[in-house]
Amino acid sequence: PDEDRKYRLYKAKLDKIKLLEVISNYEQSIINNALQVAKMTATGITKCARDAVNAFKQGDILQANLILQQFENEVEVTVARYESVKALMNQEKQNGIALIDTIMLKISFLLSSSEIPFDDRIKKADSYYRKAAILMRQFNLESSKQYSILLKYTLFLIDNAWYDRALENCSELESLCPFDYDEKGRLYNLWGGIYDSQYHHNHALDLYKKAYRTLIGTDNIIELYNTFTNLGSVMYSLKKYNEALEYYKKALHVIEDNEFINNTLLSRCYTNIGVVYDALGNSEKSIEYHTLAVKLYKSIYDVPNINLALCYNNIGSALLKIDSIKALEYFHRALSICTEVKGYYHPTTSV
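A brief report on the enclosed structure follows. (Residues numbered from 1 in each chain as written. Predicted model: local features only at pLDDT ≥ 70, side-chain atom pairs only at ≥ 80, totals over all residues. Heavy atoms only, no water.)

**Details of the packing of helix 7 (residues 181-197) against helix 8 (residues 201-215)**
To describe two helices that pack against each other, one gives the angle between their axes and the distance between the axes.
At step 1: At their nearest, the axes of helix 7 and helix 8 sit 8 Å apart, and the two run at 170° to each other. On the basis of the axis angle, helix 7 is roughly antiparallel to helix 8. On helix 8, the residues that touch Tyr181, Asp182, Lys184, Gly185, Tyr188, Asn189, Trp191, Gly192, Gly193, Tyr195 and Asp196 of helix 7 are His201, His203, Ala204, Leu207, Tyr208, Lys210, Ala211, Thr214 and Leu215.
At step 2: Each residue belonging to the contact of helix 7 with helix 8 can be placed in one class, and the counts come to nine nonpolar, seven polar and four charged. (Axes fitted to C-alpha atoms, helices over the stretch in contact; angles between N-to-C directions. Helix = DSSP H or I, 4+ residues; strand = E, 2+ residues; numbered from the N terminus. Parallel < 35°, antiparallel > 145°, perpendicular 65-115°, else oblique. Contact = heavy atoms within 4.5 Å. Nonpolar A, V, L, I, M, F, W, Y, C, P; charged D, E, K, R; others polar.)

Below is the structure:
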């Protein structure tokens with residue numbers, strides 16, 4: 001009957017639509033699988049995955065799925081192995097940090113040991129610092145930790161007049177330096193000071209100005225003081241004495257009314273101003289400021305100190321124009337302290 005035929009035809013059309021939908025989904029699945037196969041074939045894959053790909057290429061999808069079921073166990077094993085290795089690596093890193101900290105402690109004890117000859121102490125400390133620097137890179141320590149270690153090493157090199165080697169560390173220090181204006185300013189002052197010690201005054205001036213631009217607007221009184229002092233120093237080296245005196249007085253102005261500033265910084269200011277007055281030919285004013293510095297240094301240190309030696313040397317220089325016999329007395333005092341504190345062959349002693 002016509003009604004029955006219409007119903008069967010309608011049902012057939014629905015079945016056809018459903019079948020076409022299934023075929024479409026299946027075809028899309030095949031395309032997706034083929035793309036994945038192509039991708040995995042072009043890169044390194046495990047043996048399990050390769051066997052599954054080959055089975056798929058041969059049309060045996062059931063076998064491919066069975067093979068890949070084995071892969072689940074392999075994934076779990078691999079993840080577990082990775083976690084174990086990761087834990088081991090973290091432990092190794094912690095061991096490395098502990099080792100470096102021990103080396104740094106050994107350096108501290110070594111340098112304070114008066115039983116060991118001075119030159120031996122310096123050589124051994126340098127070798128330990130080298131090891132610490134190598135290890136911190138090998139264990140890939142955090143930037144702040146590497147910066148701290150390398151900065152200590154650089155200050156040690158500067159203190160012992162190994163300026164070329166100290167200079168080699170500065171670019172790495174800049175890359176490791178945290179985004180902190182105070183610390184950046186401090187680094188640029190340190191960097192400029194190394195150039196200044198090597199008589200590359202124009203390079204030093206550039207870095208001191210960079211330090212000033214970094215620090216301006218901050219409330220870091222100490223680093224601003226250091227920057228003005230360094231600018232005064234380089235101007236003095238360039239024989240621009242009036243500009244040097246201006247910077248030194250700015251440095252004094254920054255700290256003189258601050259009750260928390262220690263006498264060492266004030267002494268340094270007095271010394272610098274005294275040196276410039278001597279260069280300007282005002283010996284009396286020079287001796288006045290150096291004498292102020294000597295009084296402060298004597299109140300600070302109970303043992304011979306290199307700063308006191310420099311003051312005596314400066315007073316001797318100023319006295320040369322007035323009383324050469326008395327000047328010689330101050331030069332002898334300075335030399336005696338330098339030899340005791342820095343050793344006979346240190347550049348400060350020779351100067």
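Having put the structure on the table, let's press on.
**Section: the packing of aromatic side chains**
At step 1: The tally for this structure, following the rule as stated, stands at eleven aromatic pairs.
At step 2: Relative to Phe156, the ring of Tyr129 lies with its centre 5.1 Å away and its plane at 40°, an arrangement referred to as tilted. Residue Tyr129 is located in helix 4 (residues 118-138), and its partner Phe156 is located in helix 5 (residues 143-159); the two are separated by 27 residues in the primary sequence. Summarising the burial analysis for this pair, Tyr129 and Phe156 share the class buried.
At step 3: The interplanar angle of 55° and the centroid separation of 5.3 Å between the aromatic rings of Tyr236 and Tyr241 together place this pair among those described as tilted.
At step 4: A relative accessible area of 29% means that Tyr236 is categorised as partly exposed. (Phe/Tyr/Trp six-rings, centres within 6.5 Å; stacked < 30°, edge-to-face > 60°. Buried < 20%, exposed > 50% of the residue type's maximum accessible area, 1.4 Å probe, protein only.)

**Observations regarding the packing of helix 13 (residues 306-319) against helix 14 (residues 324-342)**
At step 1: Packing of helix 13 against helix 14 brings their axes to within 8 Å, and their N-to-C directions diverge by 160°. On the basis of their axis angle, the class for helix 13 and helix 14 is roughly antiparallel. Of the two possible hands of crossing, helix 13 and helix 14 adopt the one that is left-handed. Only Ser324, Lys326, Ala327, Tyr330, Phe331, Arg333, Ala334, Ile337, Cys338, Val341 and Lys342 of helix 14 make contact with helix 13, whose side of the interface consists of Ile306, Leu308, Ala309, Tyr312, Asn313, Ile315, Gly316, Ser317 and Leu319.
At step 2: Taken together, the residues of the contact of helix 13 with helix 14 sort by class into 13 nonpolar, four polar and three charged. (Left-handed = near helix turned anticlockwise from the far one by under 90°.)

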